[in-house]
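# Remarks on the overall topology
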Amino acid sequence: MSELSLDQLFTQRFGETPSVPKALSANSALQRIASRGSCRRFTSQPVDPAMLEALCAAALCAPSKSDLQQRDILIVTDPLLLQNLKSQLSAQHWIENTPAMVVFLANNRRQRQMQSWHNQPFPNDHLDAFFNASVDAGIALAFFMAAAEMTGLGCCPISTIRNHMSEVQRFLRLPDHVFPIAGMAIGHPAQPPTISARLQLSKTVHLNQFSDVTPQDLHSYDERRLDGADGKGWSADKAEMYAFPQRVDFADFIRSIGFSLD
Ligand SMILES: Cc1cc2nc3c(=O)[nH]c(=O)nc-3n(C[C@H](O)[C@H](O)[C@H](O)COP(=O)(O)O)c2cc1C
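Source: prediction; values computed, not measured.

## Re the domain arrangement of the protein
- Domain parsing of the protein yields domain 1 (1-21 + 31-36), domain 2 (40-192) and domain 3 (201-235).
- In this structure, domain 2 and domain 3 have C-alpha centres spaced 30 Å apart.

This is the structure:
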């Protein structure tokens, strides 16, 4: 774990220091969170299956909207399934050496089954059903990642699983109203995490009133992010990324598995 105090870690992360209460400065749990980073390089050491199960249990301790628990986790250990999954994600070559993968599933199916088993109508077949299940799955993903990083494992979410939804849905044999929001690569890290700089706290934590960032705010953040993205800066890189269509068929796929998005 990092030798730096919480204040120092936050300064490194945000380029600004929040007012950290003195009592928290050496809080090891917060220091771990503040020094975390996604891991894309793993040793060849396999992940203990019991550890994967324990991390899934920790993930599902997360809160869920109205206690509906509309999220599940699929642990992928079957070698053929794992290979199939990796091959769908092969545009990202680092995934090849991932020892283990789990998939976070939004599950609105169970709710619909409960409606039917309890002879209740389901007059909530609209965008909210998709949204609630997706958010629950995202929160579980975050808990899983935090728990894994606490134990010294490394992980990285994989949203490109959504680039080939129909194929992934088919070979993971997922039924209607259940879909992956992201995969998660997990293993023993081959190197310590990198602290990736975040936008200024003063521009992203709003006190009583929302305010926009200015181009100058972004420029000063970009100066801190010249390390990556071919030196062009974060905002230019992200603007370029979103100048191309991505997953334009996503809504069609979600409708094809039974959701109404109206
Ligand atoms: C929902 C989600 C999906 C992500 N998908 C990918 C992905 O497909 N490939 C990848 O390399 N990183 C992926 N990431 C990791 C982000 O790139 C990473 O969190 C971000 O660059 C910040 O870096 P850090 O996590 O090291 O702080 C994803 C993260 C989240 C939360």
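## Notes on the nonpolar core
- Core analysis: the biggest nonpolar cluster contains 41 residues, and Phe-104, Cys-155, Met-184 and Ile-186 have the highest contact counts within it.
- Broken down by secondary-structure element, the contributors of at least two residues to this core are helix 3 (49-59), strand 2 (100-107), helix 6 (127-150), strand 3 (154-158), helix 7 (165-171) and strand 4 (178-187).
- Looking at this core element by element, the count peaks at nine residues for helix 6.
- Other than its neighbours up to four places away in sequence, Ile-186 contacts Val-47, Ala-100, Met-101, Val-102, Ala-148, Leu-153 and Cys-155.

## Quick look at the pairing of strand 4
- Burial within strand 4 is extensive, with nine of its 10 residues counted as buried.
- Sheet analysis places strand 2 next to strand 4, joined by eight bridges and oriented antiparallel. The residue bridging Asn-107 from the neighbouring strand is Val-178, located in strand 4.
- Pairing analysis gives five bridges linking strand 3 to strand 4, with the strands arranged antiparallel. Looking at the pairing, Ile-158 lines up with Gly-183 of strand 4.

## A short note on helix 1 (residues 6-14)
- All buried positions along helix 1 are accounted for by Leu-6, Leu-9 and Phe-14. Along the axis of helix 1, the buried positions cluster into a sector of 110°, meaning they face one direction only.
- Packed against the buried residues of helix 1 are helix 2 (28-34) and helix 8 (201-204).
- Looking one or two residues past helix 1, Gly-15 carries a phi angle of roughly 70°, positive in sign.

## Side note on the packing of helix 3 against helix 6
- It is at 8 Å that the axes of helix 3 and helix 6 come closest, and there the two elements cross at 130°. Regarding the angle of helix 3 to helix 6, the classification is oblique. Between helix 3 and helix 6 the crossing geometry is right-handed. In contact with Leu-55, Cys-56, Ala-58 and Ala-59 of helix 3, helix 6 contributes Ala-140, Phe-143, Phe-144, Ala-147 and Ala-148.
- The class makeup of the residues in the contact of helix 3 with helix 6 is nine nonpolar, no polar and no charged.

Analysis parameters
The numbering scheme is per chain: residues are counted from 1 as the chain's sequence reads. It should be noted that, the model being predicted, local features are given only for residues of pLDDT at least 70 and side-chain atom pairs only at 80 or more, the latter also being counted only at that level, while totals for whole chains, interfaces and linings use all residues. Where each domain begins and ends is defined by an automated method or by a domain database. Buried Ala, Val, Leu, Ile, Met, Phe, Trp, Tyr and Cys residues whose C-beta atoms connect them within 7 Å together make up a nonpolar core. Between the buried cut of 20 or more and the exposed cut of 12 or fewer other C-beta atoms within 10 Å of a residue's own C-beta lies the partly exposed class, and all C-beta atoms are placed from the backbone. Strands are runs of DSSP state E lasting at least two residues, helices are runs of H or I lasting at least four, and both sets are numbered from the N terminus onward. Here, residues touch in the contact sense if the C-beta positions derived from the backbone fall within 7 Å of one another. Two strands qualify as a pair provided DSSP detects at least 2 bridges between them. Here, the arc refers to the directions that run from the helix axis to the C-beta atoms. Axis definition: a line fitted to C-alpha atoms, over the contacting stretch in the case of helices. Angles run 0 to 180 degrees between N-to-C directions. For this classification, under 35 degrees means roughly parallel, over 145 means roughly antiparallel, 65 to 115 means roughly perpendicular, and everything else is oblique. Crossing handedness: left-handed means the near helix sits turned counterclockwise from the far one by under a right angle, and right-handed means the same turn made clockwise. Each residue is assigned to one class: nonpolar for Ala, Val, Leu, Ile, Met, Phe, Trp, Tyr, Cys and Pro, charged for Asp, Glu, Lys and Arg, and polar for all the others, Gly among them.

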